[in-house]
Amino acid sequence: MESCAKTAAGLGYRLATIGVITSMFDLAIILPAIVNGLTFGAIYALVALGLTLIYGVLHIINFAHGSLLMLALYGVFFLNRIWGIDPYLAIVVLAPAFFALGYVLQWSIIGRAGHGKDQNVLLVTLGVSIVIENLALYFFSADTRAVDTAYTFVMVDLGVALVPLPRLIAFVASLVVALGLWVVIQHSDLGRAIRAVAKERQGAQLVGIDVDHIFAMSFGIGTACLGAAACLLLPTFYVSPTVGHVFVLVAFTVVVLGGMGSFPGALLGGFIIGVTESLGGLFLGESLGQIGISLIFIAVLLFRPTGLFGGRA
Amino acid sequence: MLRAAVTGAVMAAALAAPFLIASDFWLGFLITVLLFAYMGMAWNVLGGYAGQFSFGHAVFFGAGAYTSSILHVTFGLNPWIGLAFAALAGGGVGALIGFLSFRFGLRGSYFALITLAFAEVFRILANWVEFTGGGVGLYIPLKVHPANLQFGTKAGYYYVALALTLASLAIAAWLERSRFGAWLKAIRENEDAARALGIDAFVCKLKAIMLSGAMTGVGGAFYAQYYLYIDPGIAFGPAVSVEILLVPIIGGLGTALGPLLGSAVLQGAGELARRVMGDVPGLNLVFYGLLLVVMVRFLPDGLIGLAARLRTLRRRAKVLADA
């Protein structure tokens, strides 16, 4: 009983704090939080783009997305540690490497395990993520690592807020990658084939498209997004074997919020979640702020499973 | 005749195990096997029979563990009675999640993901509120007495775990024979067709998730009493969810004996990995993950399915040989 009362008092205190913050500090605190959320949201969007592409074409939910991102972050870290390669330059190595990894993973394991049930794919990707995560724990230990660059702490004054330079670079680069991806999907032969397979698998096969190849290509491109995201992320972030957990539920939330398979949805969803997390952390504290993401996820799945932009449930 | 004899022999061995096994370690191993066989069977009710895969069974496990522990520590309720409240808590959480998910028509992967999200919400809440002990966790005071569901030797816990497993086998046998079990299987195979036949899929799935949740809740309460400690990461973290769902998938989905077999193989593989490679963190989980991939890829019917397939092959070979 006593502890219940304490909790209620704690909640009252927190609510009072929110009132104080909003009335006293107003925009001076909220605007930087929003800007901060937007820059982080761009990374979420990039991670979610890969997931939504894989979902849109293969109609599978890739549970290993978070742990593949973790692997990419380790790639950036070790390229920097061993050969001194700048995280942004590492993109030339990691994006193709993760494309190949994704292609092989889909072609050799995930594509052959479905047996016609989407839950089976979920289970296999879960298994893959468990293996990757625990191998990372085995080889790299549970330590949290980060890279040091000359620009890690450079701040840029945007007028409304001070933003770390790497965050700004990540923001712009994520948009550029998203745009590039959109151009490829809309205007290349590969993109047309991908869209054809996404819309009508059998029809695509009948007109001579190698569906298994397109599946693997889509999975590869989706995974390559993670290679790019890792390079943009690491200068202001850290890597540990469980870092994928931070992103996996967020990425799912972004994807369902934006609409499964929708590119503009993933972008907008990324920004919304980035800002929500930032404001939630500001008002409710770090640990309770995370709950907002899960609640949004549940609410969207229940009440609007097609998301903001999605056509199919 | 043979079947009854085998069942009787296995039962006798199971009852005599604490007298035959001198080592506390191996008795502890058996307790873990039985506990996860029991919770795997609970998952199987919903996932195997009704075809609704849950990725967040920790939510029921944690609800049961915290309910019995808090009632015991804060209000001094007897843990045996706490087991009943744990079942109510697990069933209640199941009713909440099931009502929302099934009312809004979530299926397949979406249902799996929403259970995961619910477990995450509960984990964060358990970390935040004070009556759970927050991130520090909850210690159950040591008062060794069978009336407190605390035993001086592992044998006591063993018999409780054995009783739970036998109860779960009885539930599985009932599902195999009853009309309700047949309805669940019909929903699993084709929900639209099942509804066209007049089966109330919503009510059936709701009952299945409540039964599954209640069973898992009791498992969580037993776990808390066995280790005398619980924290949000153990109770609601993804590790328990994964370990529970692996059991029936490896043993055989929607079969009565699958979870028992799966749990024995899983815990055995984990223990073997520890023996061979040393006690390295995460290594047993690497094997669990590999097992999961290999099973779904090559043996989607589990080990029970493999046995059935071998039996068919042998019978066919015998028919050919006779002819």
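Colleague: What is the right way to read the overall build of chain B from this model?
Modeller: Broken down by element type, chain B carries 14 helices and two strands. Rg of the C-alpha trace for chain B: 20 Å, near the compact-globule value of 20 Å for 323 residues, within the 12% margin. Projected onto its principal axes, the C-alpha coordinates of chain B cover approximately 70 × 50 × 40 Å. Expressed as a percentage of its 323 residues, the buried residues of chain B come to 50%. Partitioning the intrachain contacts of chain B with sequence separation of at least 6 by distance along the chain shows that 77% fall at a separation of at least 24.

Colleague: I would appreciate a short explanation of the overall build of chain A in the present structure.
Modeller: Scanning chain A from terminus to terminus reveals twelve helices and two strands. Along its sequence from the N terminus, chain A presents helices and strands in the succession α-α-α-α-α-β-β-α-α-α-α-α-α-α. In chain A, which comprises 313 residues, the share counted as buried stands at 50%. Put simply, 77% of the contacts in chain A that link residues at least 6 apart link residues at least 24 apart.

Colleague: Please clarify how the interface of chain A and chain B should be interpreted in this entry.
Modeller: Counting residues at the interface gives 37 residues for chain A and 36 residues for chain B. Going through the elements one at a time, α1 (2-24), α4 (91-113), α5 (118-140), α10 (243-258) and α12 (286-303) of chain A are the ones with two or more residues in the side of chain A that touches chain B. For the side of chain A that touches chain B, a count of residues per class yields 24 nonpolar, ten polar and three charged.

Colleague: How should the packing of helix α2 (residues 27-58) of chain A against helix α6 (residues 165-187) of chain A be read in this particular structure?
Modeller: Each pair of packed helices can be summarised by the angle the axes make with each other and by the distance between the axes. All names here are of chain A. Orientation of α2 relative to α6, taken along the N-to-C sense of each, is 35 degrees, at an axis distance of 8 Å. The two elements α2 and α6 meet at a crossing, and its hand is left-handed. Side by side, α2 and α6 meet where Leu38, Thr39, Ala42, Ile43, Ala45, Leu46 and Leu49 of the first sit next to Arg167, Leu168, Ala170, Phe171, Ser174, Leu175, Val177, Ala178 and Leu181 of the second. Broken down by class, the residue content of the contact of α2 with α6 amounts to 13 nonpolar, two polar and one charged.

Colleague: Hey, could you run me through the packing of helix α2 (residues 24-49) of chain B against helix α12 (residues 258-277) of chain B in this one?
Modeller: Residues and elements named next belong to chain B. One way to put it is that α2 packs onto α12 with a least axis distance of 8 Å and a crossing angle of 135 degrees. On the basis of the axis angle, α2 is oblique to α12. Classified by chirality, the crossing of α12 by α2 is right-handed. Note on element contacts: α12 touches α2 through Gly258, Pro259, Leu260, Gly262, Ser263, Ala264, Gln267 and Glu271, opposite Phe29, Thr32, Val33, Phe36, Ala37, Gly40, Met41 and Asn44. Its residues placed into classes, the contact of α2 with α12 shows eight nonpolar, seven polar and one charged.

Colleague: Just to check I follow, could you spell out unusual backbone geometry for this structure?
Modeller: Most peptide bonds are trans, and most residues other than glycine sit at a negative phi. Residues and elements named next belong to chain A. Non-glycine residue histidine 59 carries a positive phi angle of around 55 degrees. In this structure, histidine 59 sits in the loop between α2 and α3 (65-83). The exposure class of histidine 59 is partly exposed, given the 16 C-beta atoms found within 10 Å.

Colleague: I keep staring at helix α14 (residues 302-322) of chain B and nothing clicks. Help me out?
Modeller: Working note: α-helix, 3.6 residues per turn, so residues spaced by three or four point in the same direction. The end-to-end C-alpha separation of α14(B) is 30 Å, in line with the 30 Å expected for 21 residues at 1.5 Å each. Summarising burial for α14(B): two of the 21 residues are buried, a small minority.

Colleague: Explain the environment of A:Trp107 to me, please; I cannot follow it from the model alone.
Modeller: Residue and element names in this part refer to chain A. Within the secondary structure, tryptophan 107 is located in helix α4. The exposure class assigned to tryptophan 107 is partly exposed, which follows from the 17 C-beta atoms found within 10 Å. Beyond its immediate sequence surroundings of up to four residues, tryptophan 107 is in contact with Asp212 and Ala216.

Colleague: Can you walk me through the confidence of the model for chain B in this structure?
Modeller: If pLDDT is low for a region, its predicted coordinates should not be looked at in detail. In this model, chain B carries an average pLDDT of 90, and 100% of its residues clear a pLDDT of 70 or more. Among the scores for the predicted complex, ipTM is 0.82 and pTM is 0.86.

Colleague: What am I meant to see in helix α7 (residues 189-199) of chain A here?
Modeller: All names here are of chain A. Inspection of α7 places Ala193, Ile194 and Val197 among the buried residues, and these make up the whole buried set. For α7, the angular spread of the buried residues around the axis is 100 degrees, confining them to a single face. Elements that come into contact with the buried residues of α7 comprise α2, α6, α8 (201-206) and α9 (211-233).

Colleague: Just to check I follow, could you spell out the environment of B:Gly92 for this structure?
Modeller: All names here are of chain B. Examined against the element boundaries, glycine 92 turns out to sit in helix α4 (residues 79-103). Taking the number of C-beta atoms within 10 Å as the measure of exposure, glycine 92 has 18 and is therefore partly exposed. Considered as a pair, glycine 92 and leucine 169 are 77 residues apart in the sequence and their alpha carbons are 23 Å apart.

Colleague: I'm lost on the confidence of the model for chain A in this one. Help?
Modeller: Residue and element names in this part refer to chain A. When pLDDT is averaged across chain A, the result is 82; 89% of the residues are at 70 or more. For chain A, per-element mean pLDDT is lowest for α1, which scores 46, and highest for α3, which scores 92. In this model residues 1-21 is a low-confidence stretch, pLDDT under 50, and it forms eleven contacts with partners more than four residues away in sequence or in other chains.

Colleague: Would you mind showing me how to read the environment of A:Gly102 here?
Modeller: Residue and element names in this part refer to chain A. Among the secondary structure elements, glycine 102 is positioned in helix α4. Under the C-beta neighbour-count criterion, glycine 102 is labelled buried, with 28 such atoms within 10 Å. Taking the C-alpha atoms as reference, glycine 102 lies 18 Å from phenylalanine 252; in sequence the two are 150 residues apart.

Scoring rules and cut-offs
Residues numbered from 1 in each chain as written. Chains lettered and ligands numbered in written order. Predicted model: local features only at pLDDT ≥ 70, side-chain atom pairs only at ≥ 80, totals over all residues. Helix = DSSP H or I, 4+ residues; strand = E, 2+ residues; numbered from the N terminus. Rg over C-alpha atoms; globule rule 2.2 N^0.38 Å. Buried ≥ 20, exposed ≤ 12 C-beta atoms within 10 Å, placed from the backbone. Contact = placed C-beta atoms within 7 Å. Nonpolar A, V, L, I, M, F, W, Y, C, P; charged D, E, K, R; others polar. Axes fitted to C-alpha atoms, helices over the stretch in contact; angles between N-to-C directions. Left-handed = near helix turned anticlockwise from the far one by under 90°. Parallel < 35°, antiparallel > 145°, perpendicular 65-115°, else oblique. Expected span 1.5 Å × (residues − 1). pLDDT = per-residue confidence, 0-100. Arc of directions from axis to C-beta.

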